[in-house]
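# Structural overview for review
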Amino acid sequence: MKIVRTVNELASITDTLKKDNRTIGFVPTMGYLHEGHTTLMDESKSYADILIASIFVNPLQFGPGEDFERYPRDEERDQKIAKQHSVDILFMPTVDDMYPQESTVNVDVKRRTDVLCGKSRPGHFNGVATVLTKLFHITKADFAFFGLKDAQQVAVVKGLIDDFNFSTKLIAVQTIRESDGLARSSRNVYLSDQERDEAVHLHKALRTGQQLIIDGAKNPVMIIEKVKKYIETHTNGQIDYVDLLSFPSLDKIDTVNQQVIIAVAVQFTKARLIDNIIISENGIVPKAIV
Ligand code: AMP
């Protein structure tokens, strides 16, 4: 595994790879790697010859007062994990190298951002879309792998790739969970023991919503209320949102008559956790989501 720390070096390596007709898979991350990330890495192996993973805590996607400074970081451990998962090139740039001067252009995401995390994290998805635009160019990726744990991100990246005609193909991978159902997340380390026990109820609440749809419920307001109630009853976390929207367009709907996402965000003492489930109008998890 080669560790690359500068944009110039990576751009020159990917130039050569493309000249040699090698296909490139790319897994962008913010590090503190866990099984959610490594599943994306493993997936790349069946698509592309070369696997590039990046570790970059992107300041552009953090708002004031968010956890940019204290986002968990462990380079040594990450390098070991990346190597174990056959990463060919691990890209770990500095902030100064990615953003050597004040930006002249930022990507402005127009849709799919006024709901869910976009609503409570203004500017977040502009930061995501801007860094990914840079990373898609630098890596020259044929395939880019994203987890459905961050389903709104998947929806935004789909818009970015479609609207800007990137040749990179988006591959969305199902959420990887702990054995009790909690979605794997770098932020889970911030949960107290009691909160860790409560956090399992986010997934259970989503399953409750799914079951309502399987049983024939069509009214989003009623389903959202039941999911909220479940979370309120089973956790001491503060609900940031519970919503049910079309997916991937993320529009409000009056009735469940298409593929939908039920998504939740709950603030615990030191960690804000998100989770979601994407299902067809019959409540079944579809094989291909985007
Ligand atoms: P992050 O480092 O949190 O920015 O995540 C990097 C990538 O890993 C994103 O595409 C995430 O959606 C994905 N990811 C994070 N956690 C999970 C998970 N539990 N299951 C699947 N993908 C995940």
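Just so it is clear, the structure is predicted and the values come from calculations on it, not from any experiment.

### Topic: the domain arrangement of the protein
What the domain assignment lists for the protein is domain 1 (2–173) and domain 2 (188–279). For domain 1 versus domain 2, the distance between C-alpha centres works out to 26 Å. Taken together, the contacts link 19 residues of domain 1 with 18 residues of domain 2. Taking both partners together, domain 1 and domain 2 bury about 1500 Å²; carbon and sulfur atoms supply 65% of that area. Between domain 1 and domain 2 we count zero salt bridges in total. Seen at the junction of domain 1 and domain 2, the total is seven residue pairs in polar contact (both at pLDDT 80 or more). Of all the secondary structure elements, the ones that give two or more residues to the side of domain 1 that touches domain 2 are α5 (116–120) and α7 (151–163). Examining the composition of the side of domain 1 that touches domain 2, we find that five residues originate from one element, α7, more than from any other. Of the residues in the side of domain 1 that touches domain 2, the class split is ten nonpolar, two polar and seven charged.

### What about the site of the ligand?
In the vicinity of the ligand there are 17 residues, among which M30, H37, D150, I176 and R184 approach most closely. Measuring from an oxygen atom of the ligand, one finds a side-chain N or O atom of H37 at 2.9 Å. Contacts to the ligand include G147, whose backbone N or O atom sits 2.9 Å from an oxygen atom. About the coverage of the ligand: the protein hides 92% of its 480 Å² of free accessible area. Elements that contribute at least two residues to the shell around the ligand include exactly β2 (24–29), α2 (35–44) and β5 (143–147). For the shell around the ligand, the element with the highest residue contribution is α2, accounting for three residues. Among the residues making up the shell around the ligand, the classes are represented as six nonpolar, eight polar and three charged.

Criteria and cut-off values
Residues numbered from 1 in each chain as written. Predicted model: local features only at pLDDT ≥ 70, side-chain atom pairs only at ≥ 80, totals over all residues. Heavy atoms only, no water. Domains from an automatic or database assignment. Contact = heavy atoms within 4.5 Å. Buried area = accessible area lost by both parts, 1.4 Å probe. Salt bridge = Lys/Arg side-chain N within 4 Å of Asp/Glu carboxyl O. Polar contact = N/O pair within 3.5 Å; in protein donor to acceptor, adjacent residues only side chain to side chain. Helix = DSSP H or I, 4+ residues; strand = E, 2+ residues; numbered from the N terminus. Nonpolar A, V, L, I, M, F, W, Y, C, P; charged D, E, K, R; others polar. Near = heavy atom within 4 Å. Areas by Shrake-Rupley, 256 points an atom, 1.4 Å probe, with all protein chains shown as cover.

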